[in-house]
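Here are the chains, one letter per residue:
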Amino acid sequence: MPLIERADSTLVVVDAQPGFSGADEEAAAAAARSRDVAAWLAGVAAALDVPIVVTEEDAEANGPTHPAIAANLPPGTPVFAKAVFGLAGVPEILAAVESGGRRTAIIVGAETDVCVAQSAIGLCDRGFRVVVVTDATFAPGAMHDLGLRRIREAGCELHHAKGVYYEWVRTLEEARAFTRQHPDLARPPGFRL
């Protein structure tokens, strides 16, 4: 597969809500790590003018998008209620992802085996290049890996946040300029730039 083109990318934040944090300490810690990475990548996308679309499933029960992610969204970022597991089944969400003519969907959020997988596959079925960010998605226990396997088998790509960042910036000069201009994003959670 070719490198990810920033000018062709849309970041899609799927159901990154507190209600999907898992039922035990280990799952909660894994969910928090993935949300931290998703929040960082949302900040990077905003800084690089990559459009962002956000979905929320049953916000009354699961809460709104996690505050760490919401804090990094540009003003006016569309946030859509999603009553189906796959976002492509909601015409307004699909229209928002399609609206800028960009054909690469970079997906973060929860849960990997259900909403992330069904959203990724639905977009792939509609001709999008779909990249699921493995360290910015979450499902408890074995469900994360099972979801990633399903996503890959359906023809979607799996990348990590660091890789997406470097494919978006492409050059040492641009990476250095980015860290100078955005020192708050120069130290991502869990890895070094």
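None of these values were measured; they are calculated from a predicted model. (Residues numbered from 1 in each chain as written. Predicted model: local features only at pLDDT ≥ 70, side-chain atom pairs only at ≥ 80, totals over all residues. Heavy atoms only, no water.)

Peer 1: Quick question: what am I supposed to make of the pattern of salt bridges here?
Peer 2: Where charged atoms from two side chains of opposite charge approach closely, those side chains can pair. All chains considered together, the criterion is met by 5 salt bridges. Between Lys82 and Glu57 there is a salt bridge, and its shortest N-O distance comes to 3.6 Å. Separated by 25 residues along the polypeptide, Lys82 in the loop between strand 3 (79-81) and helix 4 (91-98) and Glu57 in the loop between strand 2 (52-56) and helix 2 (59-62) bring together distant segments of the chain. Accessibility assignment for this pair places Lys82 and Glu57 in one class, buried. Put simply, Glu157 and Arg129 hold a salt bridge, and the shortest N to O gap is 2.5 Å. Residue Glu157 is found in strand 6 (residues 157-159), and its partner Arg129 is found in strand 5 (residues 129-138); the two are separated by 28 residues along the sequence. One exposure class covers both Glu157 and Arg129, and it is buried. Taken together, the shared-partner salt bridges in this structure form one network comprising Asp15, Glu57 and Lys82. (Salt bridge = Lys/Arg side-chain N within 4 Å of Asp/Glu carboxyl O. Helix = DSSP H or I, 4+ residues; strand = E, 2+ residues; numbered from the N terminus. Buried < 20%, exposed > 50% of the residue type's maximum accessible area, 1.4 Å probe, protein only.)

Peer 1: Before we go on, may I ask you to explain the sheet that holds strand 2 in this structure?
Peer 2: Remark on secondary structure: sheet strands pair via backbone hydrogen bonds, oriented parallel or antiparallel. Taken together, the 6 strands give an open sheet; going across it, the order is 3-2-1-4-5-6, and neighbouring strands pair in parallel fashion. What marks the edges here is a single partner per strand, and that holds for strand 3 and strand 6. For this sheet, the mean angle separating the axes of adjacent strands, direction not counted, is 25 degrees. Running at roughly 170 degrees to strand 4 (residues 104-110), helix 5 (residues 112-125) makes contact with strand 1 (9-14), strand 4 and strand 5 of the sheet. (Pairing = 2+ DSSP bridges. Axes fitted to C-alpha atoms, helices over the stretch in contact; angles between N-to-C directions. Contact = heavy atoms within 4.5 Å.)

Peer 1: How do you make sense of the pairing of strand 5 when you look at a structure like this?
Peer 2: Most of strand 5 is tucked away: 8 of the 10 residues are buried. As defined by bridge partners, strand 5 adjoins strand 6 across 3 bridges and the pair is classed as parallel. Bridge pairing links Val132 to Leu158 in strand 6. Where the polypeptide runs from strand 5 across helix 6 (residues 143-153) and back to strand 6, its parallel neighbour, the crossover connection is right-handed. (Right-handed = clockwise from strand over helix to strand, strands pointing away.)

Peer 1: What is the right way to look at the nonpolar core in this model?
Peer 2: What tends to happen in soluble globular proteins is that the nonpolar side chains get buried as a cluster. Membership of the largest hydrophobic core comes to 32 residues, with the highest contact counts inside it found for Leu11, Leu41, Ile106 and Trp168. Elements with a minimum of two residues in this core: strand 1, helix 1 (25-47), strand 2, strand 4, strand 5, helix 7 (161-169) and helix 8 (172-181). The biggest single contributor to this core is helix 1, with 8 residues. In this view, Ile106 contacts Ile4, Ser9, Thr10, Leu11, Val12, Leu41, Val131, Val133, Val164 and Trp168; residues no more than four positions away in its chain are not counted. (Core = buried A, V, L, I, M, F, W, Y, C linked by side-chain atoms within 4.5 Å.)

Peer 1: Can you walk me through the environment of Ala71 in this structure?
Peer 2: Note on placement: Ala71 falls in the loop between helix 3 (67-70) and strand 3. With a relative accessible area of 62%, Ala71 lands in the exposed category. Spatially, the C-alpha atoms of Ala71 and Ala39 are 8.0 Å apart, while their sequence positions differ by 32 residues.

Peer 1: Hey, could you run me through unusual backbone geometry in this one?
Peer 2: Comment: phi is negative for the bulk of residues other than glycine, and the bulk of peptide bonds are trans. Ala110 connects to Glu111 through a cis peptide bond whose omega is -20 degrees. Tracing the backbone through its elements, the reader meets Glu111 in the loop between strand 4 and helix 5. Phi at Asp58 is positive, roughly 45 degrees, even though this residue is not glycine. Secondary-structure assignment places Asp58 in the loop between strand 2 and helix 2. Phi is positive for Arg170, close to 70 degrees, though the residue is something other than glycine. Within the secondary structure, Arg170 sits in the loop between helix 7 and helix 8.

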